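Coordinates in review
Letter by letter, the chains look like this.
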Amino acid sequence: MPVRLLFTIAVAAFAAIFTGLNLDYKCDVWLFHHFENVPIAASIFISFLAGVLVVLPFTIGKTKKIEVPVEKIVEKVPKLSREEKRKLKKEKKAKAQEKENQEKNEIAVNEDSSVQNGESL
């Protein structure tokens, strides 16, 4: 929580500094009418507000919520006893060890064949 607060304060400070340093800069804007000497900060602020107004209807719109009863979710998850969990864990370990041994054997066979062929490593 404090990180979020500090981040928000830093963003607000950056926005204030940016606005303060750009108050003197002006530009011309055309939006179906030619506006002269519009402050840069004002044009950025108005652009931001326009973006918010365009996105707002999409965020407020209705969403369909799909309610799934908890019982259906729980039914799909198998309940295992401690013995079954230990057995599955041992099987996974055995498969991983077997795969590792197989890879080591393949490397050893490749090294032996390259040495027999007179190739150096």
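Up top you'll find the structure we're talking about.
Quick caveat, the model's predicted, so the values are computed rather than measured. The written sequence of each chain sets the order in which its residues are numbered from 1. The predicted origin of the model limits local features to residues at a pLDDT of at least 70 and limits the giving and counting of side-chain atom pairs to 80 or more, whereas totals for whole chains, interfaces and linings rest on all residues. The basis for the side-chain values is all heavy atoms of the structure; hydrogens and waters are excluded.

**A closer look at the overall build of the protein**
Strands here mean DSSP runs of E at least two residues long; helices mean DSSP runs of H or I at least four residues long; both are numbered from the N terminus. Counting its regular elements, the protein contains four helices and two strands. For the protein, the succession of helices and strands along the chain, N to C, is α-β-β-α-α-α. A simple rule labels every residue: compare its accessible area, found with a 1.4 Å probe on the protein chains alone, to the largest value its type can have, and call it buried under 20%, exposed over 50%, or partly exposed in between. Within the protein, the proportion of its 121 residues that are buried is 4%. Areas reported here follow the Shrake-Rupley algorithm with a probe of radius 1.4 Å; residue values treat only the protein chains shown as occluding. Accessible surface, the protein: about 12200 Å² in total, of which carbon and sulfur atoms supply 64%.

**Focus: the pairing of strand 1 (residues 26-30)**
One face of the sheet, then the other: side chains in a regular strand alternate in exactly this way. Strands are treated as partners if at least two bridges between them are detected by DSSP. The sheet contact formed by strand 1 and strand 2 (residues 34-39) spans four bridges and is antiparallel. By the bridge assignment for strand 2, Val-29 is matched with Phe-35. Taking the residues that link successive antiparallel strands as the turn, the strand 1-strand 2 hairpin has three residues, and the phi of Phe-32 there is positive, at about 60°.

**Topic: unusual backbone geometry**
You will see that Phe-32, though not glycine, has its phi angle at about 60°, which is positive. Note that Phe-32 resides in the loop between strand 1 and strand 2. You will see that Asn-37, though not glycine, has its phi angle at about 55°, which is positive. If you trace the backbone, Asn-37 turns up in strand 2.

**Quick look at the pattern of salt bridges**
The rule for a salt bridge is simple: a side-chain nitrogen of Lys or Arg has to be within 4 Å of a carboxyl oxygen of Asp or Glu. For the structure shown, the criterion picks out one salt bridge. When the shortest N-O distance is used, the salt bridge between Glu-100 and Lys-104 registers 3.6 Å. You can see Glu-100 and its partner Lys-104 sitting in helix 4 (residues 82-116), four residues apart, about one turn around the helix. The exposure class of Lys-104 is partly exposed, given its relative accessible area of 49%.

**Some remarks on the packing of aromatic side chains**
Paired rings are identified among Phe, Tyr and Trp, the last through its six-membered ring, by centres lying within 6.5 Å, and are further divided according to the angle between planes into stacked (under 30 degrees), edge-to-face (over 60) and tilted (the rest). Across all of its chains, the model carries one aromatic pair by this definition. A centroid spacing of 5.6 Å and a plane angle of 50° characterise the contact between Trp-30 and Phe-32, whose relative ring orientation is tilted. Trp-30 sits in the exposed class, given a relative accessible area of 59%.

**A word on the environment of Leu-80**
Here Leu-80 is to be found in the loop between helix 3 (70-76) and helix 4. Any pair of residues with heavy atoms lying within 4.5 Å of one another is described as a contacting pair. Residues contacting Leu-80, with those up to four places away along its chain left out, are Lys-85 and Leu-88.

**A few points about the environment of Leu-23**
Inspection of the secondary structure assignment puts Leu-23 in the loop between helix 1 (2-21) and strand 1. Sequence spacing of Leu-23 and Ile-40 is 17 residues, and the spatial spacing of their C-alpha atoms is 7.0 Å.

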